[in-house]
Amino acid sequence: MRFASGQPVAVTVTVYLRPAHFKKVDIDNVLKHVLDALQGVLAGEGKKRAKPHKRVVLNDNLVWSATVEKRPAPRKRSTGGGWMTVRPWRNARG
């Protein structure tokens, strides 16, 4: 999916972590990786030498709302994972 150029979006992220990683993972870093991925840069790739991937948004300044939550992995032996939703941003007041 791709959004129109200049269209603001809202992002909701839930990441599931094993108990050993739960306190080690900073939620702000999770959001940073998500925003990079939305722009076509995957985690661990240097921005200057990264192979470009398809973008969902042209720039992360189009993310006008972000909710990030970390939860314990639902199963004891789970390696983790998560969910992300990107939708057009709608001003609740407007």
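Residues numbered from 1 in each chain as written. Predicted model: local features only at pLDDT ≥ 70, side-chain atom pairs only at ≥ 80, totals over all residues. Heavy atoms only, no water.

A.B. asks: Whenever I open this one, the sheet that holds strand β2 (residues 63-72) confuses me. Can you help?
C.D. replies: Strand order across the open sheet formed by 3 strands is β2-β1-β3, with mixed pairing between neighbours. Every other strand in the sheet has two partners, leaving β2 and β3 (81-88) as the edge strands with one partner each. Going from strand to strand, the sheet's axes swing by 10 degrees on average, the running direction of each strand aside. Two strands pair when backbone bridges link them, and strand β1 (residues 9-17) and β2 are joined in this way by 9 bridges, in the parallel orientation. Its bridge partner being in β2, L17 is matched across the sheet by P72. (Pairing = 2+ DSSP bridges. Helix = DSSP H or I, 4+ residues; strand = E, 2+ residues; numbered from the N terminus. Axes fitted to C-alpha atoms, helices over the stretch in contact; angles between N-to-C directions.)

A.B. asks: Looking at this structure, I do not really get the packing of aromatic side chains. What am I missing?
C.D. replies: In this description, a pair of aromatic rings is defined by centroid distance and the angle of the planes. Per the stated rule, a full pass over the model turns up 1 aromatic pair. Its guanidinium or amino end placed over the ring of F22, K70 lies 5.1 Å from that ring's centre, counting from NZ or CZ. (Phe/Tyr/Trp six-rings, centres within 6.5 Å; stacked < 30°, edge-to-face > 60°. Lys NZ or Arg CZ within 6 Å of the ring centre and 35° of its normal.)

A.B. asks: Please explain helix α2 (residues 27-38) as it appears in this structure.
C.D. replies: Given 3.6 residues per turn, any residue in an α-helix points the same way as the ones three and four places further on. Over its 12 residues, α2 extends 17 Å from the first C-alpha to the last, a length consistent with the 16 Å expected when each residue adds 1.5 Å. Along α2, the residues classified as buried are V30, V34, L35, D36 and L38. The inward-facing, buried residues of α2 contact β1, β2 and β3. Positioned one or two residues after α2, G40 has a phi angle of 95 degrees, which is positive. (Expected span 1.5 Å × (residues − 1). Buried < 20%, exposed > 50% of the residue type's maximum accessible area, 1.4 Å probe, protein only. Contact = heavy atoms within 4.5 Å.)

A.B. asks: Before we go on, may I ask you to explain the pattern of salt bridges in this structure?
C.D. replies: A side chain of one charge can pair with a side chain of the opposite charge if their charged atoms are brought near each other. Following the criterion strictly, the structure yields 1 salt bridge and no others. Notably, a salt bridge pairs R71 with E69, separated by 3.2 Å at the nearest N-O pair. (Salt bridge = Lys/Arg side-chain N within 4 Å of Asp/Glu carboxyl O.)

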